[in-house]
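Remarks on the overall topology
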Amino acid sequence: MDSAETDGSGADSAVSHPPGRPAAQKTWGKFWLLTSAASVSEMGNTFLHLAMPWTILASTGSALMAALSLGVQYLPFVASPLLGTLIDGYERRMVFMVSELVQGVLIALTPLLLMADQVELVLVVLLVAGCGTVTSNLTSDFSLLPMLAPENRLTEAYSRFGAVTELARTAGPAVAGLVLAVVGGYGALWIDAATFLVTAVIAAFLPRGEKPVVERGFLRMQVEGFRSFRKIRGVPRLTLVLSVYNLGAGAVPTIILVVAAGTWGWSSGLAGAVLAAGAAGSALGSWLGGRLWHNASAERRIRLWFLVCAVSSVGLLAPWEEVVVLGFCCLMAGEGGMNVTTNEYRFRAIPDEVSGRVNAVMRAFILGGAALSSLLLGWSVTLPEQVLRFAPALITSVLAVLIWAGVRSFRAPVGTESEKAA
């Protein structure tokens, strides 16, 4: 992208074509192909988050190992900057395909390792598979999707992509529970491995992009990635706001599950239904993100979605269970809309040649906030008063609104429209 600036009015400015954008790409056909592949992959990820701990617990009886199996899948997000350099060094479709194939093969190995009582090796395998998840997500969200969607309908593309993948995430736990009941843990994991292989096959039909010309070493590319992150207008501020927001609200779904099952005494099925309702709310928010306030400026649209999240967080403090659940669903809807708006902003603000590295740096900070949120909310949920349990979510949501609104409209590089909060 060029380095010229826009006045921040929110009007779409000319966006440089990403390398490899098909010249005749005018339809949604290939976009929906990518969306289908990403949805299958997302369902596989949520499927794995339920099936793996359940299978390890059934095989070993160790609750600690079961919990660690989930934790190691998130650990690679900390190494996102390293993986971002990998993405920028190779043709994006090939990176997506390889990352899906790697995940499929590694997940297929886990039942064999469990049969051999090699639980420690399973954790190592899951750690490597988690790197594939990070690479796949960064590549599909910020490289392949913008390349395939018509340029003048990018907001709509992110909206549809987010809605469909969130619906797949909603279905993941239900499908996993059914498959576990029918074929058992090992069979469920092999079926899950097959979903990643299906995604890789679908991706093979996507148009091939150009292979980036990389003449610098790995270390120099890392330095360039951090330097670009710091210099691109709006990107550090958006990262700060999203990190602050995630610090208090990132672990809300997990804490909702803990409160429902522990404090309220709900059954696991009912508690799971609440999480599914939250994911459905996120899908609805993603759908609305491309339709509401589309004529507003980039900054205003992002601020409005942060405000929706802040208002929704008030419902979490209520003493009535039904109001808390409603507030949770509204919060997830706000996050869905926020993601659509900020992801698009990021695509338009960040030059394609450094998009993998800059988005990876952003994700490391943002998901680091989510990780710390589990500690903060894990402490606050033990407090006796309901009004205090989710207070961190409300506080950081309000802070996010104030920080974002407190800085005057900024100038951003050409193509900067609305940044999407990933």
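Residues numbered from 1 in each chain as written. Predicted model: local features only at pLDDT ≥ 70, side-chain atom pairs only at ≥ 80, totals over all residues. Heavy atoms only, no water.

What follows concerns the overall build of the protein chain. Broken down by element type, the protein chain carries 15 helices and 2 strands. Within the protein chain, buried positions represent 56% of all 422 residues. Sequence separation of 24 or more characterises 85% of the internal contacts of the protein chain that already satisfy a separation of 6 or more. Taken as a whole, the protein chain presents about 17,400 Å² of accessible surface, with 69% of it coming from carbon and sulfur. (Helix = DSSP H or I, 4+ residues; strand = E, 2+ residues; numbered from the N terminus. Buried < 20%, exposed > 50% of the residue type's maximum accessible area, 1.4 Å probe, protein only. Contact = heavy atoms within 4.5 Å. Areas by Shrake-Rupley, 256 points an atom, 1.4 Å probe, with all protein chains shown as cover.)

Averaged over every residue, the pLDDT of the protein chain is 75; the share at 70 or more is 78%. Confidence drops under a pLDDT of 50 for residues 1–26, and excluding neighbours within four residues, the segment shows 61 contacts in the predicted structure. Throughout residues 408–422 the model reports pLDDT below 50, and contacts reaching past four residues in sequence, or to other chains, amount to 94 contacts. (pLDDT = per-residue confidence, 0-100.)

Attention shifts here to the packing of helix α11 (residues 298–315) against helix α12 (residues 321–349). Helix packing for two helices is described by the angle between their axes and how far apart those axes are. For the pair α11 and α12, the least separation of the axes is 7 Å and the interaxial angle reads 165 degrees. Comparing their axes, α12 and α11 come out roughly antiparallel. Crossing geometry of α11 relative to α12 is assigned as left-handed. Among the residues making up the contact of α11 with α12, the classes are represented as 13 nonpolar, 8 polar and 3 charged. (Axes fitted to C-alpha atoms, helices over the stretch in contact; angles between N-to-C directions. Parallel < 35°, antiparallel > 145°, perpendicular 65-115°, else oblique. Left-handed = near helix turned anticlockwise from the far one by under 90°. Nonpolar A, V, L, I, M, F, W, Y, C, P; charged D, E, K, R; others polar.)

One pass over the structure, following the stated rule, counts 2 salt bridges. Between E299 and R237 there is a salt bridge, with the nearest N and O atoms lying 2.4 Å from each other. Of the two residues, E299 sits in helix α11 while R237 sits in helix α8 (residues 235–249), which places them 62 residues apart along the sequence. Residue class for E299 comes out buried when judged on its relative accessible area of 10%. In this structure, E344 engages R348 in a salt bridge whose closest nitrogen and oxygen atoms are separated by 3.1 Å. Within this pair, E344 and its partner R348 are both found in helix α12, separated by 4 residues, close to a single helical turn. Assessed through its relative accessible area of 0%, E344 is described here as buried. (Salt bridge = Lys/Arg side-chain N within 4 Å of Asp/Glu carboxyl O.)

Within the element layout of this structure, L127 appears in helix α5 (residues 119–148). Overall, the relative accessible area of 31% leaves L127 in the partly exposed class. The spacing of L127 and S69 is 58 residues in sequence and 8.7 Å in space, taken between C-alpha atoms. Contact partners of L127, with chain neighbours within four places excluded, come to V72, L75 and P76.

Here the focus is helix α3 (residues 80–88). Across the 9 residues that make up α3, a large majority, 7, are buried. The complete set of buried residues in α3 reads S80, P81, L83, G84, T85, I87 and D88.

A few words on the environment of L376. Turning to its location among the elements, L376 is positioned in helix α13 (residues 355–380). Classification of L376 by relative accessible area gives partly exposed; the value is 29%. Each C-alpha atom, one on L376 and one on A393, is 9.7 Å from the other, the two residues being 17 residues apart in sequence. Residues in contact with L376, not counting those within four places in the same chain, are L247, G248 and P392.

Mapping Y186 onto the fold places it in helix α6 (residues 154–203). For Y186, a relative accessible area of 27% corresponds to the partly exposed category. Considering only alpha carbons, one finds Y186 and I56, 130 residues apart in sequence, at a separation of 9.8 Å. For Y186, the contacting residues outside a window of four places in its chain are T55, S59, P111, L114 and M115.

This brings us to the packing of helix α4 (residues 92–115) against α5. Direction vectors running N to C along α4 and α5 enclose 160 degrees, while the axes themselves pass 8 Å from each other. As judged from the angle between their axes, α4 and α5 are roughly antiparallel. You can see that α4 and α5 cross each other, and the crossing is left-handed. Of the residues that constitute the contact of α4 with α5, the class distribution is 14 nonpolar, 10 polar and 3 charged.

Time to look at the nonpolar core. Residues V252, F306 and L316 are the most contacted members of the largest nonpolar core, which totals 45 residues. Those elements that provide at least two residues to this core are α8, α9 (252–263), α11, α12, α13 and α15 (391–406). Take this core: its biggest share by element is 9 residues, from α12. In contact with F306, not counting residues within four places along its chain, are V241, L242, Y245, M338, A400 and V401. I87, L138, L154 and L206 belong to the second-largest nonpolar core, a separate cluster that totals 28 residues. (Core = buried A, V, L, I, M, F, W, Y, C linked by side-chain atoms within 4.5 Å.)

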